[in-house]
Structures are given as structure tokens and as C-alpha cells.
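This is what each chain is made of:
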Amino acid sequence: AETAVPAKPLPVAELHLHIEGTLQPELIFALAERNGITLPYSGLDELRQKYEFTDLQSFLDLYYANMAVLQTEQDFADMTRAYLERAAAAGVRHAEIMMDPQAHLSRGIPLEACVKGVASVLATSEEEYGISTILIAAFLRDLPEDSALEVLGRLLAMNAPIGAIGLDSAEVGNPPSKFERLYAKAREAGLRLTAHAGEEGPASYIVDALDLLGVERIDHGIRCMDDPDLVERLVDARIPLTVCPLSNVRLRAVDTLADHPLPAMLAAGLNVSVNSDDPAYFGGYVDDNFAQLTAVFDLSDFDKARLAANSIHSSFASEERKAELL
Ligand code: ES4
Ligand code: ZN
């Protein structure tokens, strides 16, 4: 008889992760208590009832509201440690972590507190958790470009340890064309470039992120499937798409997981990876995303190995680190 051996997770890179989206309800309450903040919920159960979303904006409203508990450098560090611990258990060996500095500045939190809180933990993540990390400064596309330019300037002036920039928040009505100067400035500073595109927004936003912003990677990108010419281009150029299946279900970008385009994207030859986006809000970490995908689609071992290898190849890690992980 075969002995049941617990499945060892494949080594993966997580490329699409908002650190503020890893704040679990328990930590939200613990930080609120520590900081003397009164939350507009009586307790955990009432907070947990809010996690039913109808679209991206309904999620963003709760995501921004819950950030109120993040006040000190220590709060940002504690949140980051909690993510790394859970990600290590999920098999994540490299993580590219977005943070939203503007969402904290607008609440009066000093830039230094949020950057140092996260970055101080990332500095030793490989030794402590076996996870190499890169910090990505993400900019809120529903704010003016001038705000993003100012914050990027401050990050560069303080020598913040960021490796890339991203673009997130409310997509529809805030196209890539709004941020051409921001991406030109980041490119000049030697930063790697990614942007959310084609989550709720149209396939044309993916084209514009490539052509107007010069991004190397697309976050989400599922709407590319509406445009066969774009699919062909993404396949030919091997552009990575950081897909987040449970996020797409919970934000109703797709009806159910069974309707998710991931298998069709793989079959089309697209360079897709599996990521958790905002795991505390969307029902799971990378391992949970893989497990639920496997329960619904019979992904072959080959498909799963390809998804894992894509994540590592598509990362901004050094070639040495990639070779270690492959
Ligand atoms: C986000 Cl799922 C998603 N989309 C756009 N912006 C975001 N920020 C945090 N999660
Ligand atoms: Zn995202």
C-alpha cells in the first residue's frame, strides 16, 4: 500500500501581491487595539461579513478603510512578517511585494514609516524565511499623475530600496496614458516596470501599458483573451501575465473559478503565473489558489510545473537567484 506523503509545494515566485492586502482580520483588530483606534465593526464576525464584493471598487473601499490601523513602522513590519511566514508555508521562495505609499501619505503616515517598516523586514527575508524579495512601489491610478511623480521623487531622494514600480487601484477610466511621465521617470531611474491592466479594464489598456508605459510585465491581463491579435503579441514577446484566480472570482471579473480563462491562457501559450493579489481578502494564498484551481480543472503535473517555472522566469530576481530556484 502506498504511504500518504504530504505534498511538498513546488517552489514558486509570487509576483502579484499587495502587502496591505495581507492584513488578516485578527491582525486588523490587534493593531487597532495597540494604536487606540476604534474600528466601525463590533468584532471579527462583523468585519468578516464585509468581505463580499461586487466589483473592484467595493473591495478597494474596505481595503483602504482597514489600512487605518497601520500607523507605525512596527505595524508595517508586523504585517510584512506575517505575510512572509505564511508565504513560506505556501512554497513561495521569491516574492515581489507591492506597497501603496500614497494610501498611507494621504492618512498622514510619514513615507519613512511605511517604507522602512516593510523594507527592514524584507532586508533579511531570505535568511529568515528562505524568500528573496523585491519591493515594488505601486501608484494609485485614480489619483493625479502629479501625486505619483512627487512620491516617486521622494522615494528616489531617500534611496528607498525599491526595485520596480507598479500601477494599481481603480482601473476603468484611469488608463495607462495618464502615467506616461511617471513611467519615463522610473525607467530613467533604472527601475523595472509593471502595471495592472486588463483586470476590469479593456484589452486596449494592456496594449497601452506596453506601448505607452513600456512595462515588462502585466498584472492580471485576463482581458487579453478578448483580443486575438494581442494574445499573439503577448505570446511572441513572452510578456508575463501575473494572474490572480481567486481575486478574479471574488471581484467578479469572472463568474466562477470554472469560468476562469487560466487554462485557455496556458493553452494559448501565454506566459502566465498564479498569484494571490490580496490574500486576506480573496480567500487564499498562492497554495490555496493552486489547490482550488486543481480542484476545478484537471491541470496536469506538467501544467503546474510550467506555472511554477513561469513565475520564476518572469521575476525581477537576479539570474543567479532564478537558477537556484529552477
Ligand atoms: C488591487 Cl485586485 C486589485 N486591483 C487593483 N488595485 C489593487 N490594489 C490592491 N488590490
Ligand atoms: Zn493587484
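Residues numbered from 1 in each chain as written. Chains lettered and ligands numbered in written order. Predicted model: local features only at pLDDT ≥ 70, side-chain atom pairs only at ≥ 80, totals over all residues.

Looking at an unreviewed UniProt entry, one finds the protein named Adenine deaminase and attributed to Arthrobacter sedimenti. For the protein, the Function (unreviewed entry) comment in UniProt is given as "Catalyzes the hydrolytic deamination of adenine to hypoxanthine. Plays an important role in the purine salvage pathway and in nitrogen catabolism." Quoted straight from UniProt, the Catalytic activity (unreviewed entry) entry for the protein says "adenine + H2O + H(+) = hypoxanthine + NH4(+)". (UniProt positions renumbered as here; feature names shortened; annotations may be inferred.)

Remarks on the site of ligand 1
All residues in the neighbourhood of ligand 1 are listed as H18, G21, L56, Y63, D168, S169, H196, E199, S247, D277 and D278. Each residue belonging to the shell around ligand 1 can be placed in one class, and the counts come to two nonpolar, five polar and four charged. (Near = placed C-beta within 6 Å. Nonpolar A, V, L, I, M, F, W, Y, C, P; charged D, E, K, R; others polar.)

Thoughts on the sheet that holds strand β8 (residues 271-274)
The pairing of strands in a sheet happens through backbone hydrogen bonds and is either parallel or antiparallel. The strand order across the open sheet built from eight strands is β1-β2-β3-β4-β5-β6-β7-β8, with neighbouring strands paired in parallel fashion. Strands with a single pairing partner mark the edges of an open sheet, and in this sheet they are β1 (12-18) and β8. Direction aside, neighbouring strands of the sheet carry axes that sit 25 degrees apart on average. Here strand β4 (residues 162-168) runs beside strand β5 (residues 192-197); their pairing, made up of two bridges, is parallel. Looking across to β5, one finds that A164 is bridged to R192. (Pairing = 2+ DSSP bridges. Helix = DSSP H or I, 4+ residues; strand = E, 2+ residues; numbered from the N terminus. Axes fitted to C-alpha atoms, helices over the stretch in contact; angles between N-to-C directions.)

Focus: the confidence of the model for the protein
Model confidence for the protein is summarised by a mean pLDDT of 97, while 98% of its residues fall at 70 or above. The ipTM assigned to the predicted complex is 0.97, against a pTM of 0.97. (pLDDT = per-residue confidence, 0-100.)

Focus on the nonpolar core
Of all hydrophobic cores here, the largest spans 97 residues; its most connected members are V118 and I136. Among the elements that take part in this core, strand β3 (residues 132-140) stands out by supplying seven residues, more than any other. Excluding its chain neighbours within four sequence positions, the residues that come into contact with V118 are I19, F76, T80, M99 and L135. (Core = buried A, V, L, I, M, F, W, Y, C linked by C-beta atoms within 7 Å. Buried ≥ 20, exposed ≤ 12 C-beta atoms within 10 Å, placed from the backbone. Contact = placed C-beta atoms within 7 Å.)

Focus: the UniProt feature "active site" (unreviewed entry) in the protein
UniProt feature "active site" (unreviewed entry): in the numbering of this structure it lies at E199. With sequence-adjacent residues up to four places away left out, E199 is seen in contact with L56, E171, H220, I222 and A253.

Brief notes about the packing of helix α4 (residues 73-89) against helix α6 (residues 111-122)
Running from N to C, α4 and α6 point in directions that differ by 35 degrees, and their axes come no closer than 7 Å. Regarding α4 and α6, the two cross each other, and that crossing is right-handed. Counted together, E73, Q74, D75, F76, A77, T80, R81 and L84 of α4 and A113, C114, K116, G117, V118, S120, V121 and L122 of α6 form the full contact between these two elements. Here the residues of the contact of α4 with α6 sort into eight nonpolar, four polar and four charged. (Left-handed = near helix turned anticlockwise from the far one by under 90°.)

Comments concerning helix α15 (residues 286-296)
Residues of α15 that are buried include every one of V286, D287, N289, F290 and L293, and no others. Down the axis of α15, the buried side of the element spans an arc of 160 degrees, and every buried residue falls inside it. Check the buried side of α15 and you find it contacts β1, β2 (92-99), α12 (245-250), α13 (262-267) and β8. (Arc of directions from axis to C-beta.)

Brief notes about the UniProt feature "binding site: Zn(2+)" (unreviewed entry) in the protein
UniProt tags H16, H18, H196 and D277 as "binding site: Zn(2+)" (unreviewed entry). With the annotated positions falling across 262 residues, the maximum pairwise C-alpha distance of 11.7 Å places them together in a single cluster. Positionally, H196 belongs in strand β5. Residue H196 is classed as buried on the basis of its 28 C-beta neighbours within 10 Å. When neighbours within four sequence positions are excluded, H196 is seen to be in contact with G166, L167, D168, E171, D219 and H220. Residue placement: D277 occurs in the loop between β8 and α14 (279-282).

Considerations on the pairing of β3
Within β3, nine of the nine residues are buried, which leaves the element mostly enclosed by the surrounding structure. Where burial is concerned, the two faces of β3 agree: the one with S132, I134, I136, A138 and L140 and the one with T133, L135, A137 and F139 are both buried. With six bridges connecting them, β2 and β3 associate as parallel partners. Within β3, the residue paired with H94 across the bridge is S132. Here six bridges tie β3 to β4, and the two strands are oriented parallel to one another. Across the sheet, the residue bridging to A138 is G166, located in β4. Following the backbone out of β3, through helix α8 (residues 145-157) and into the adjacent parallel β4, one traces a crossover that is right-handed. (Right-handed = clockwise from strand over helix to strand, strands pointing away.)

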